[in-house]
Amino acid sequence: MQKLFFILLAMLSLTATPARATLNVFACEPEWGALVQELGGDKVTVYNATQALQDVHHVQAKPSLIARARTANLMVCTGMELEIGWLPMVLRQAGNPEVQPGKPGYFEAGNYVRRLEIPARLDRADGDVHAQGNPHIQTDPRNIGRVGDALAQRLAEIDPANAAFYQARHHDFAQRWQDAIKRWEAQAAPLKGVAIVVQHKAFPYLQEWLGLREVATLEPKPGVEPTVAHLAQVRQQAANSHPRMVIRAAYNSARPAEWLSTEAKLPIVVLPFTVGGTPEAKDLTALFDDTVARLLVPLK
Ligand SMILES: [Zn+2]
């Protein structure tokens, strides 16, 4: 009944206002592009600024990105300084007043989640530490749900003629998402308390969600390649704490995880990290289907 109401509202608003072109959405990362597509359907045209197998910490402010930002109606980015190396320059060069920080056309997903790993102190010597906390929030589907709530409202705000349309799609998405989270949590129950080694600190939100225990990190500091001395230390930690797997994101270089895998006889789990990171992770639902399935393999 509620659905029918929204459909009627959407039809009304369609006849009441002249048809406009679709909203141009500039998504800084593929997970937000996928989320906008879920909520916006055929009312949005999504451009993903980065690809799944790209290192999202190191992006160039290319002319193609500036051109896309110039015609965007909405930027959807993680924030939390993840894009600090390229987005400010892209926004400045694009000169598009609609999408500057503080405007409704600028949306930061990180504002709608509880942040983890906010550093107690800031020191360049600690590597690529993010002052506002770990920005890899998309690895917990509950965060995707929270961001989706806020993003649906934002779409309605900047495109009021289609507000009911976005509301209806959000209602449908939120329902499917809640059901999916229950399913993933049931499937992932055996992972609770399991010790893992990670290559980069890319998964604190995933770990918190599923109760995985990080016992060592292959990168001595975020974004810094492991040294021989550090690897020896990780091997010792692995020997002491009996991890079941070493995890890396699909975009990470394969070598550090392979080294530890050989040294400590640990299976490697490559996680998609975002939509498109593996052939299976075609959309947001498949991203978590695949993540949970891959984590369970070493337990079999
Ligand atoms: Zn990172």
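Everything below is about the structure shown above.
Residues numbered from 1 in each chain as written. Predicted model: local features only at pLDDT ≥ 70, side-chain atom pairs only at ≥ 80, totals over all residues. Heavy atoms only, no water.

Some thoughts on the side chain of Arg154
With respect to the helices and strands, Arg154 occurs in helix α5 (residues 141-158). Classification of Arg154 by relative accessible area gives buried; the value is 14%. Once residues lying within four places of it in the same chain are set aside, the contact partners of Arg154 are Leu74, Lys103, Pro104, Tyr106, Phe107 and Tyr112. (Helix = DSSP H or I, 4+ residues; strand = E, 2+ residues; numbered from the N terminus. Buried < 20%, exposed > 50% of the residue type's maximum accessible area, 1.4 Å probe, protein only. Contact = heavy atoms within 4.5 Å.)

Some details on the sheet that holds strand β4 (residues 106-108)
Pairing in this open sheet of four strands is parallel, and the strands run β2-β1-β3-β4 from one edge to the other. The sheet terminates laterally at β2 (44-48) and β4, the two strands that pair on one side only. Taking each pair of neighbouring strands and ignoring which way they run, the sheet shows an average axis angle of 20°. The pairing of strand β3 (residues 74-77) with β4 spans three bridges and is classified as parallel. Bridge pairing in β4 places Val76 opposite Phe107. Those strands touched by helix α2 (residues 30-40) are β1 (23-27), β2 and β3, and its axis lies near 175° from that of β2. (Pairing = 2+ DSSP bridges. Axes fitted to C-alpha atoms, helices over the stretch in contact; angles between N-to-C directions.)

Section: the pairing of β1
Along β1, four of the five residues are buried, which leaves the element largely enclosed by surrounding structure. Pairing analysis gives five bridges linking β1 to β2, with the strands arranged parallel. Its bridge partner being in β2, Val25 is matched across the sheet by Val46. Handedness of the crossover is the feature at issue here: the chain leaves β1, passes through α2, returns alongside β2, and the resulting connection is right-handed. Here β1 pairs with β3 via three bridges, running parallel. Note on β3: the bridge partner recorded for Ala27 is Val76. (Right-handed = clockwise from strand over helix to strand, strands pointing away.)

Digging into the coordination of the zinc ion
Taken together, His57 (NE2), His136 (NE2) and His200 (NE2) make up the full set of protein donors to the zinc ion, lying 2.0 to 2.2 Å away. Look at where the donors of the zinc ion fall in the sequence and you get H-x78-H-x63-H. Residue His57 is found in the loop between β2 and α3 (63-70), and its partner His136 is found in the loop between β4 and α5; the two are separated by 79 residues along the sequence. Across the pair, exposure class does not vary: His57 and His136 are buried alike. (Donors = N, O, S within 2.8 Å, 3.2 Å for Na, K, Ca; no water.)

Focus on unusual backbone geometry
Of note in the backbone geometry, Glu81 takes a positive phi value of approximately 70° without being a glycine. Residue position: Glu81 is located in the loop between β3 and α4 (87-94). Residue Glu81 is classed as partly exposed on the basis of its relative accessible area, which comes to 28%. Positive phi is not limited to glycine here, since Lys265 has a value of about 55°. Within the element layout of this structure, Lys265 appears in the loop between α9 (255-264) and β8 (268-271). Residue Lys265 is classed as exposed on the basis of its relative accessible area, which comes to 71%.

A word on the packing of α2 against helix α6 (residues 163-187)
Interhelical geometry of α2 versus α6 gives an angle of 115° and a closest axis separation of 7 Å. For the pair α2 and α6, the contacting residues are Leu35, Gln37, Glu38, Leu39 and Gly40 in the first and Phe165, Tyr166, Arg169, His170, Phe173 and Arg176 in the second. Partitioning the contact of α2 with α6 into residue classes produces five nonpolar, three polar and three charged. (Nonpolar A, V, L, I, M, F, W, Y, C, P; charged D, E, K, R; others polar.)

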